[in-house]
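Each chain is listed here by its residues.
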Amino acid sequence: MIDKVSFIKRQLLKLYSAKSWEDFVDKQQLGDCQEIIASVLSLKISGVVKVFGEIEVDEPYIDPDGNEQIYMTHHWAEIDGVRHDFSKGTLRYYIDWSEEIYETDVSGESRYI
């Protein structure tokens, strides 16, 4: 059986011409999560599904309409029922991930809604 997470990571590195996983995450911009998850889904791996939801940020921010928000919309994947986030870099200015920014398994994170 293949390690689905490692396979997805390798494919994302190829698709986005990244030198390493850290390079891939570090180059992510706000809004890239949807495209990244679409790329994951394009691999057509059994047991991988897209999740569109919200994530709680560390500090409130002001949205384009001038309203204070504590949640942002975000896309991630579930792999065989386990939540994985391949686009944490898109939220680096809203969440202090520390070194965990490079980890994809977020099954223990309560900030995902």
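Structural data are supplied above this passage.
What you are looking at is a predicted structure, and each value in this text was computed from that prediction instead of being measured. Residue numbers here run from 1 along each chain, matching the order of that chain's written sequence. Reporting in this predicted model follows two pLDDT cut-offs: at least 70 for local features of residues, and 80 or more for side-chain atom pairs to be given and counted; totals over whole chains, interfaces and linings ignore these cut-offs and use all residues. For side-chain calculations, the full set of non-hydrogen atoms in the structure is used, while hydrogens and water are omitted.

(A) Highlighting the overall build of the protein. Check the secondary structure of the protein and you find three helices and three strands. Put simply, the protein runs from its N terminus to its C terminus through helices and strands in the order α-α-α-β-β-β. Whereas a compact globule of 113 residues would reach a radius of gyration of roughly 13 Å, the protein reaches 14 Å, a difference of no more than 12%. Projected onto its principal axes, the C-alpha positions of the protein cover 45 × 30 × 25 Å. Counting the 113 residues in the protein, one finds 42% classified as buried. Contacts are residue-level and defined by heavy atoms, with any inter-residue pair within 4.5 Å sufficient. Counting only contacts in the protein whose residues sit at least 6 apart along the sequence, the fraction spanning at least 24 positions is 54%. Note on areas: these come from Shrake-Rupley sampling with a 1.4 Å probe, and a residue is covered only by the protein chains present in the view. Total accessible area on the protein stands at roughly 6700 Å², and carbon and sulfur atoms take up 48% of it. Each helix is a run of DSSP H or I of at least 4 residues and each strand a run of E of at least 2, with the numbering of both proceeding from the N terminus. Atoms considered for the radius of gyration are the C-alpha atoms alone. The globule rule reads 2.2 Å times the number of residues to the power 0.38. Here the term buried applies to any residue with accessible area under 20% of the maximum for its type, exposed to any over 50%, and partly exposed to those in between, with areas from a 1.4 Å probe on protein chains only.

(B) Inspection of the nonpolar core at higher detail. Only buried residues count toward a nonpolar core, which is a set of Ala, Val, Leu, Ile, Met, Phe, Trp, Tyr and Cys residues joined through side-chain atoms within 4.5 Å. Counting residues in hydrophobic clusters, the biggest one holds 29 residues, and the most contacted among them are Ile8, Leu12, Trp21, Phe24 and Phe86. Sorting the residues of this core by element identifies helix H1 (4-15), helix H2 (21-26), helix H3 (33-42), strand S1 (48-62) and strand S2 (68-79) as the ones contributing at least two each. In terms of residue count, the dominant contributor to this core is S1 (five residues). Among all residues touching Phe24, those that are not within four sequence positions of it are Leu12, Leu13, Tyr16, Ala18, Ile36 and Phe86.

(C) Region of the structure containing the sheet that holds S1. Strand order in the open sheet formed by three strands is S1-S2-S3, with antiparallel pairing between adjacent strands. At either end of the open sheet lies a strand with only one pairing partner, and these are S1 and strand S3 (82-84). The mean inter-strand angle of the sheet, taken between neighbouring strand axes irrespective of direction, is 45°. Two strands pair if DSSP finds at least two bridges between them. Two strands pair when backbone bridges link them, and S1 and S2 are joined in this way by 11 bridges, in the antiparallel orientation. Each residue of the ladder has a partner; that of Glu54, found in S2, is Thr73. A fitted line through C-alpha atoms serves as each axis, taken over the contacting stretch for helices, and the angle formed by two N-to-C directions is quoted from 0 to 180°. This element, H3, spans S1 and S2 of the sheet and lies at about 10° to S2.

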